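# Tertiary structure, described
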Amino acid sequence: MSAILHIVNQSPFSSTLLKQCMDRFNNDDGLILLEDGVYGAMSQHPYAQNVRNIKRCYAIKNDLLARGISLDDISDSIQVIDYDEFVQLTIEFPLSHSWY
Amino acid sequence: MMMAAEGNTTTMNAPKKLLFVLRQAPYGSTLAKDALDAILATSAYEQDLSIAFIDDGVFQLINNQQSELIDQKNIARILSALPLYDITQLFVCAASLAERGITLGAISEDITVLEPEALRTLLSQQDHLLSF
């Protein structure tokens, strides 16, 4: 089994993408929240509990800051990364899958 | 369409396991048709090709689509021609069907129904995932 890097770019408050992704998530998989997907990093979002259980969850720093989301307001389990680190992760994971 | 990242390293000529993940309804966007074009093109390269219909993608499978009424090519009819291209590994998400109240009787394709755990395994066993 290969680990998949899942990429979500829409808000969980207006789209079911994050839920659909979570439903197909394996234990070793990773999740990257980018663009409006970073609203999924907020501790109040509908699937916050599920995201907290993910060992490797990432959110793009500039996408968070651009939307006025303070790094203090996101779940502790989420690692804040930049786009260079995002590219590095797509190399590190054997598979990646964009949800849109 | 975003291409999946490079998969496990294999020799140049070994067939890759490619899974097309179809998640959109047939006529609301061009994605379903684009996916079929990509699938048929890929079939020429003798890869280990399979297709998974999940979320709204299961709507592509419904029988009796009369797409001529909206001047669109019939997606279900194209799907039914896939065996002619030796594309026979079709999978559908059981949960997505159940959520939408679609019974297997409403689907004409010869297709394998996957429970969530089996679907997760299928996704993780590929060399590339292609998302539409």
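Okay, the overall build of chain B next. Of regular secondary structure, chain B possesses four helices and five strands. Secondary structure of chain B in N-to-C order comes out as β-α-β-α-β-α-β-α-β. Expected size for 132 residues packed as a compact globule is a radius of gyration near 14 Å; at 15 Å, chain B falls within 12% of this value. Structurally, chain B occupies a C-alpha span of about 45 × 30 × 25 Å along its principal axes. In chain B, once contacts between residues fewer than 6 apart in sequence are set aside, the share between residues at least 24 apart is 74%.

Turning next to the overall build of chain A. Across its full length, chain A carries four helices and five strands. Secondary structure elements in chain A, listed N-terminal to C-terminal, are β-α-β-α-β-α-β-α-β. On C-alpha atoms alone, chain A measures out to a radius of gyration of 12 Å, which is about the 13 Å that the 2.2 N^0.38 rule sets for 100 residues. Its C-alpha atoms give chain A principal-axis dimensions of roughly 35 × 30 × 25 Å. The buried share of chain A, reckoned over its 100 residues, is 39%. Excluding contacts between residues fewer than 6 apart, the proportion of contacts in chain A whose partners are at least 24 apart in sequence is 67%.

Interface extent is often summarised as the accessible area lost during association of the parts. The partner chain B presents 18 residues to the 15 residues of chain A that form the contact. When contributions to the side of chain A that touches chain B are tallied by element, the ones reaching two or more residues are α4 (83-92) and β5 (95-99) of chain A. When residues in the side of chain A that touches chain B are grouped by element, the largest group, four residues, is from β5 of chain A.

What follows is about helix α1 (residues 31-42) of chain B. For α1 of chain B, which comprises twelve residues, the first-to-last C-alpha distance of 16 Å matches the rise-based estimate of 16 Å (1.5 Å per residue) to within 8%. Contacts from the buried residues of α1 of chain B go to β1 (17-22), β2 (48-53) and α2 (75-80) of chain B.

Turning to the nonpolar core, a few remarks are in order. Counting 57 residues, the largest nonpolar core has Leu33 and Ala59 of chain A together with Phe20, Val21, Leu22, Ala52 and Phe53 of chain B as its most contacted members. Ranked by residues supplied to this core, first place goes to β1 of chain B with five residues.

Looking now at unusual backbone geometry. Residue and element names in this part refer to chain B. For Asp55, which is not glycine, the phi torsion reads 50 degrees and is therefore positive. Looking at the secondary structure, you find Asp55 in the loop between β2 and α2. A positive phi angle, close to 55 degrees, is found at Asp71, a residue other than glycine.

A word on the pairing of strand β3 (residues 56-60) of chain A. All names here are of chain A. Judged by how many residues are buried, β3 sits mostly within the fold: four of five residues are covered. Sheet topology note: the strand β2 (residues 30-33)/β3 ladder contains four bridges and is parallel. Bridging from a neighbouring strand, Leu33 pairs with Ala59 of β3. Where β3 lies against strand β4 (residues 78-81), four bridges are found, and the strand directions are parallel.

As a further point, take the sheet that holds strand β1 (residues 4-8) of chain A. Residue and element names in this part refer to chain A. Across the sheet, which stays open at both edges, the five strands sit in the order β4-β3-β2-β1-β5 with parallel pairing between neighbours. The two strands at the open ends of the sheet, each matched to only one other strand, are β4 and β5. Direction aside, neighbouring strands of the sheet carry axes that sit 25 degrees apart on average.

Side-chain direction in a regular strand flips from residue to residue, so the side chains alternate between the two faces of the sheet. Residues and elements named next belong to chain A. Across the five residues that make up β5, a large majority, five, are buried. The side-chain alternation of β5 yields two buried faces, one formed by Leu95, His97 and Trp99 and the other by Ser96 and Ser98. As paired strands, β1 and β5 are joined by five bridges and run parallel to one another. Directly across from His6, in β5, lies its bridge partner His97.

Attention now moves to the sheet that holds β1 of chain B. Residue and element names in this part refer to chain B. As summarised here, the arrangement of the five strands in space is β4-β3-β2-β1-β5, forming an open sheet in which the pairing is parallel. Both outer strands of the open sheet, β4 (112-114) and β5 (128-131), are each paired with one neighbouring strand and no more. Mean inter-strand twist for the sheet, computed between neighbouring axes without regard to direction, equals 25 degrees. Here strand β3 (residues 90-93) pairs with β4 via three bridges, running parallel. When the bridges of β4 are listed, Val92 appears paired with Val113.

With that settled, consider the environment of Val58 of chain B. Mapped onto the elements, Val58 of chain B comes out in the loop between β2 and α2. In this structure, the C-alpha to C-alpha distance between Val58 of chain B and Ala94 of chain B, residues 36 residues apart in sequence, is 9.5 Å.

Definitions and limits used
- Each chain has its residues counted from 1, running along the sequence as written.
- Here the convention is simple: chains get letters from A, ligands get numbers from 1, in the order in which they are written.
- With the structure being a predicted model, the display of local features is reserved for residues of pLDDT at least 70 and the display and counting of side-chain atom pairs for 80 or more, all residues being used for whole-chain, interface and lining totals.
- In DSSP terms, a helix is any run of H or I states spanning at least four residues, a strand is any run of E spanning at least two, and both are numbered starting from the N terminus.
- When we talk radius of gyration, it's over C-alpha atoms, and the globule rule is simply 2.2 Å times the number of residues to the 0.38.
- The contact criterion used here is simple: two residues whose C-beta atoms, placed from the backbone, lie within 7 Å are in contact.
- To sort residues by exposure, count the other C-beta atoms lying within 10 Å of each residue's C-beta; 20 or more gives buried, 12 or fewer gives exposed, and values between give partly exposed, all with C-beta atoms placed from the backbone.
- Helix span is expected to be 1.5 Å times the residue number reduced by one.
- For the purposes of this analysis, a nonpolar core is taken to be any set of buried Ala, Val, Leu, Ile, Met, Phe, Trp, Tyr and Cys residues that are connected through C-beta atoms within 7 Å.
- Note: two strands are recorded as paired if DSSP finds a minimum of 2 bridges between them.
- In this analysis an axis means a line fitted to C-alpha atoms, helices contributing only their contacting stretch, and an angle means the value between N-to-C directions, from 0 to 180 degrees.

None of the figures reported here should be taken as evidence of function without further support.
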